[in-house]
Amino acid sequence: MMRMEDIAIPAVPTITAEHKKLVEAARATLLDKSKATPFALLGTEEVVGTNYWILCRVEVPETKGEEMLTLYKIYQSPEGEVSLIEASAFEFETPHSESFRFSA
């Protein structure tokens, strides 16, 4: 069972090249081939391997290139295997669009 105190929240949510590779590897398993740009590491959890929570901008092809925020929970095993565990999209309005849709 996950406990909030087990999640390391960085002081600065910096994205590294490693984090970008994690997102690319996790998304490679999806049929959805829209572009995801990671921009904030929200937390990590050491388990047998590591869980990462990474916030991304995801282009939504149906909306002609507009973006939605999606939080990816990604697991990396000690052997380096990567799995997308969960994707949570956020619906919000901007001055440039009516609204965004949920997608995962």
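From a predicted model like this one, the values you see are computed outputs, not experimental measurements.

A. Summary view of the overall build of the chain. The number of helices and strands found in the chain is one helix and five strands. The secondary structure elements of the chain, listed N-terminal to C-terminal, are β-α-β-β-β-β. Long-range contacts, defined as pairs at least 24 residues apart, comprise 40% of the intrachain contacts of the chain with a sequence gap of at least 6. Within the structure as shown, the chain displays about 6,800 Å² of accessible surface, and the carbon and sulfur contribution to it stands at 56%.

B. View of the environment of Lys35. Its location among the elements puts Lys35 in the loop between helix H1 (17-27) and strand E2 (36-47). C-alpha of Lys35 to C-alpha of Val60: the two residues are 25 residues apart in sequence and 8.0 Å apart in space. In contact with Lys35, other than residues within four places in its own chain, are Arg57, Val58 and Glu59.

C. Quick look at the sheet that holds strand E1 (residues 7-8). Strand order in the open sheet formed by five strands is E1-E2-E3-E4-E5, with antiparallel pairing between adjacent strands. Across the chains shown, the open sheet's two edge strands, defined by having one partner strand only, are E1 and strand E5 (82-90). Sheet topology places strand E4 (residues 66-76) next to E5; eight bridges connect them, and they run antiparallel. Its bridge partner being in E5, Ile74 is matched across the sheet by Leu84. Along the sheet, H1 makes contact with E2, strand E3 (49-60), E4 and E5, crossing E4 at roughly 95 degrees.

D. Spatial organisation of the nonpolar core. One finds Val23, Ile54, Cys56, Val58, Tyr72 and Ile74 to be the most contacted residues of the largest nonpolar core, which totals 15 residues. Among the elements of the structure, H1, E2, E3 and E4 are those that each provide at least two residues to this core. No other element matches the five residues that E3 contributes to this core. With residues up to four places along the chain from it excluded, the contact list for Val23 reads Ala36, Pro38, Ile54, Cys56, Tyr72 and Ile74.

E. Broad picture of the confidence of the model for the chain. In this model, the chain carries an average pLDDT of 82, and 79% of its residues clear a pLDDT of 70 or more. Predicted confidence in the chain is weakest over E1, with a mean pLDDT of 80, and strongest over H1, with 94. Throughout residues 99-104 the model reports pLDDT below 50, and contacts reaching past four residues in sequence, or to other chains, amount to 19 contacts.

F. The pairing of E2, seen in detail. Note: E1 against E2, two bridges, orientation antiparallel. Across the sheet, the residue bridging to Ala8 is Thr44, located in E2. Between the end of E2 and the start of E3, which pair antiparallel, lie one residue.

Calculation notes
Residues numbered from 1 in each chain as written. Predicted model: local features only at pLDDT ≥ 70, side-chain atom pairs only at ≥ 80, totals over all residues. Heavy atoms only, no water. Helix = DSSP H or I, 4+ residues; strand = E, 2+ residues; numbered from the N terminus. Contact = heavy atoms within 4.5 Å. Areas by Shrake-Rupley, 256 points an atom, 1.4 Å probe, with all protein chains shown as cover. Pairing = 2+ DSSP bridges. Axes fitted to C-alpha atoms, helices over the stretch in contact; angles between N-to-C directions. Core = buried A, V, L, I, M, F, W, Y, C linked by side-chain atoms within 4.5 Å. Buried < 20%, exposed > 50% of the residue type's maximum accessible area, 1.4 Å probe, protein only. pLDDT = per-residue confidence, 0-100.

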